[in-house]
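Observations on chain architecture
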Number of protein chains: 2
Amino acid sequence: MNPDTPPDIPDLADIHLARARIDDWARITPVLSDPGLNGKLACKLFCKCENLQRTGSFKFRGASNAVIKLREDGIEGDVATHSSGNHGAALALAATLDGRQAHVVMPENSVPMKIEAVRRNGGIVHFCAATSEAREEMLGKLVADGKIPVHPYDFADIIAGQGTAAIELFQEVPSLDMVITPLGGGGLVSGTAIAARTCGARVFAVEPEGAADTVASLQQGYRVNTWKPDTIADGLRAIVGVRNFALIQAEVTKVFTVSDVDIRRAMLLFWQELRMAIEPSSATVIAAISNHPEVFSGKKVGAIISGGNLDPGTWSTMVSEVA
Amino acid sequence: MNPDTPPDIPDLADIHLARARIDDWARITPVLSDPGLNGKLACKLFCKCENLQRTGSFKFRGASNAVIKLREDGIEGDVATHSSGNHGAALALAATLDGRQAHVVMPENSVPMKIEAVRRNGGIVHFCAATSEAREEMLGKLVADGKIPVHPYDFADIIAGQGTAAIELFQEVPSLDMVITPLGGGGLVSGTAIAARTCGARVFAVEPEGAADTVASLQQGYRVNTWKPDTIADGLRAIVGVRNFALIQAEVTKVFTVSDVDIRRAMLLFWQELRMAIEPSSATVIAAISNHPEVFSGKKVGAIISGGNLDPGTWSTMVSEVA
């Protein structure tokens with residue numbers, strides 16, 4: 001641990017330790033580059049396909065790292081979290097693999113497929129009202145009842161786990177000029193920023209316009225902790241975490257915003273060129289690259305495609321409307 | 001060239017030559033194995049994801065090999081073929097990359113997205129009635145007009161190109177017990193069977209019940225060359241080719257048939273476990289493995305996922321109906 005780093009923010013060594021720790025559980029996802037997509041975006045893009053990660057998103061990396069670390073530390077017992085879905089399913093599978101039970105607090109308006117995914121991976125769903133107060137209250141009860149909390153993004157072991165995707169990307173594609181990730185609570189971009197210390201790639205992130213609390217926070221210079229999210233990118237509705245905001249302020253070059261229409265168009269483009277159905281959160285990075293040729297044109301860009309969990313019918317409707 | 005092999009059937013060396021030839025054009029597609037899917041199918045499955053190949057199917061391999069070989073042989077001019085779609089789009093892109101034009105004869109009832117894909121890749125579409133006579137007649141006219149025919153499957157350079165997917169699979173996953181591919185005209189399974197001579201994996205193929213001409217041909221002992229196809233697997237409606245049937249008779253262990261309902265269920269299962277939307281033709285292999293535990297259970301199986309080209313709305317409808 002670097003002595004300059006507070007103990008609850010991971011450093012590069014922690015990400016490498018996490019990478020070794022999750023090796024038996026998480027998949028080394030493929031990195032795809034497509035000449036057609038490169039032509040449309042006027043850059044050389046390398047997509048790290050976490051939509052093909054187990055449980056359908058990068059969240060399985062952080063959840064695995066956190067659960068295996070509990071075991072290493074001799075901490076037994078069931079785990080609990082709140083999640084719009086992807087972290088919940090990921091923690092459910094990680095807990096199941098480790099012989100534990102995961103309790104997942106989910107807002108009543110969660111995507112049905114994400115609710116089902118938590119259950120299919122062995123998790124127990126606890127519904128609450130779609131407010132952060134209701135969510136924290138119910139999680140608080142579970143923790144008071146003895147469950148071990150595993151925060152979805154504002155937690156060192158989670159950040160370290162999420163950073164392993166970028167480590168793999170940098171190993172597979174050396175000399176990237178920049179890397180870009182979606183930004184909700186900030187777990188993925190935090191881990192990515194730490195991982196990027198190895199290679200000097202500049203780090204960018206993207207929020208939906210309807211959940212742009214981090215951009216507001218960067219403008220204000222302090223963490224804006226209230227926001228009423230309104231976006232189709234259901235995975236990015238969270239408020240940025242404390243540790244995450246500190247890392248973003250210090251190490252992220254710029255946070256872009258994109259509209260929901262931009263996101264739908266990017267989902268369609270990704271399907272047309274790469275034949276993968278990705279969730280709206282993932283498509284934000286493609287939308288931002290498309291909107292900002294002044295930043296990305298001619299560059300060698302890594303993009304973390306964060307997840308692919310959405311209902312077939314929803315996906316079809318989203319892309320058909322902009323076709 | 002092995003002296004025992006007729007000059008118009010490729011051998012293993014031809015597939016290795018093809019692999020080197022298409023190296024700059026075709027993508028080395030990822031091989032994915034998923035514990036959840038393995039659990040459901042009771043085998044250890046390795047999916048060679050040709051749905052992520054350029055133009056969205058393995059067909060780009062054969063088309064690239066055929067077009068680059070024309071260039072090597074000093075043969076100039078535009079190319080022509082008939083295709084329900086995937087070979088057409090693949091040949092269109094290969095021709096465009098080589099500075100040629102591709103003319104593609106397509107039945108009037110082709111999937112709209114596949115028509116669009118031919119055009120987007122620079123090809124010219126010629127519509128004909130949905131009969132093999134009409135198709136051959138129109139292709140004949142194009143050839144009489146000087147275009148170079150590139151048959152979609154009954155052609156040595158195409159078979160050699162399609163075999164490169166299996167070569168890559170065997171290199172990435174040694175010691176497979178068996179490999180399974182969809183079967184329409186037979187280009188993919190022919191190339192795969194030749195490639196499998198390197199490693200001793202048994203080769204299986206799958207036809208939809210509504211286009212089971214090869215199974216009928218194997219039963220009769222000669223090539224049944226009439227069949228009125230009726231299946232959702234639009235990529236597998238062709239009659240098996242002459243060279244292809246000879247190779248299948250000699251080197252394929254068994255050809256299974258699956259129903260359209262089996263195919264839809266397999267599309268849904270693949271989505272649930274691997275988060276990829278695959279076309280009905282591709283899903284036949286998953287359906288056959290699911291239906292035949294007596295063959296596949298406990299085995300290390302390679303499956304070539306042939307393509308991912310279908311309309312979002314069509315895909316959504318197909319999988320929703322069996323959910």
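Right, let's walk through the structure included here.

The rules behind these values
- Residues numbered from 1 in each chain as written.
- Chains lettered and ligands numbered in written order.
- Predicted model: local features only at pLDDT ≥ 70, side-chain atom pairs only at ≥ 80, totals over all residues.
- Helix = DSSP H or I, 4+ residues; strand = E, 2+ residues; numbered from the N terminus.
- Rg over C-alpha atoms; globule rule 2.2 N^0.38 Å.
- Core = buried A, V, L, I, M, F, W, Y, C linked by C-beta atoms within 7 Å.
- Buried ≥ 20, exposed ≤ 12 C-beta atoms within 10 Å, placed from the backbone.
- Contact = placed C-beta atoms within 7 Å.
- Nonpolar A, V, L, I, M, F, W, Y, C, P; charged D, E, K, R; others polar.
- Right-handed = clockwise from strand over helix to strand, strands pointing away.
- Pairing = 2+ DSSP bridges.
- Least-squares fit on C-alpha atoms with pLDDT ≥ 70 in both.

What to know about the overall build of chain A
Secondary structure assignment for chain A yields 14 helices and ten strands. Computed over the C-alpha atoms, the radius of gyration of chain A is 18 Å, within 12% of the 20 Å expected from 2.2 N^0.38 for a compact globule of 323 residues. With respect to the three principal axes, the spread of C-alpha positions in chain A is 55 × 45 × 40 Å.

Quick notes on the nonpolar core
Membership of the largest hydrophobic core comes to 214 residues, with the highest contact counts inside it found for A:Ile180 and B:Ile180. With sequence-adjacent residues up to four places away left out, B:Ile180 is seen in contact with B:Phe204, B:Ala205, B:Val206, B:Val285, B:Ala288, B:Ile289, B:Val301 and B:Ala303.

A closer look at helix H9 (residues 213-220) of chain A
All names here are of chain A. Among the residues of H9, Asp213, Thr214, Val215 and Ser217 are the ones counted as buried. Against strand E8 (202-208), helix H10 (242-251) and strand E9 (254-258) lie the buried residues of H9. At the C-terminal side of H9, Gly221 shows a positive phi close to 85°.

Some words on the interface of chain B and chain A
Taken together, the contact pairs 18 residues of chain B with 18 residues of chain A. At six residues, helix H14 (residues 312-320) of chain B tops the list of elements feeding residues into the side of chain B that touches chain A. For the side of chain B that touches chain A, the class distribution of residues is nine nonpolar, seven polar and two charged.

With respect to the pairing of strand E3 (residues 79-82) of chain B
Residue and element names in this part refer to chain B. Here E3 shows a buried face lined by Val79 and Thr81 and a second buried face lined by Ala80 and His82. In this fold, E3 hands off to helix H4 (residues 86-97), which returns the chain to strand E4 (residues 102-107); that crossover is right-handed. When E3 meets strand E6 (residues 148-149), the two strands line up parallel, connected through two bridges. Its bridge partner being in E6, Val79 is matched across the sheet by Ile148.

Topic: the relation of the copies chain B and chain A
Between chain B and chain A, the superposition needs a rotation of 180° and an axial shift of 0.0 Å, giving an RMSD of 0.0 Å. The superposition operator between the copies reduces to a two-fold rotation axis. Interface residue correspondence from chain B to chain A reaches 94%, placing this contact among same-surface, isologous pairings.

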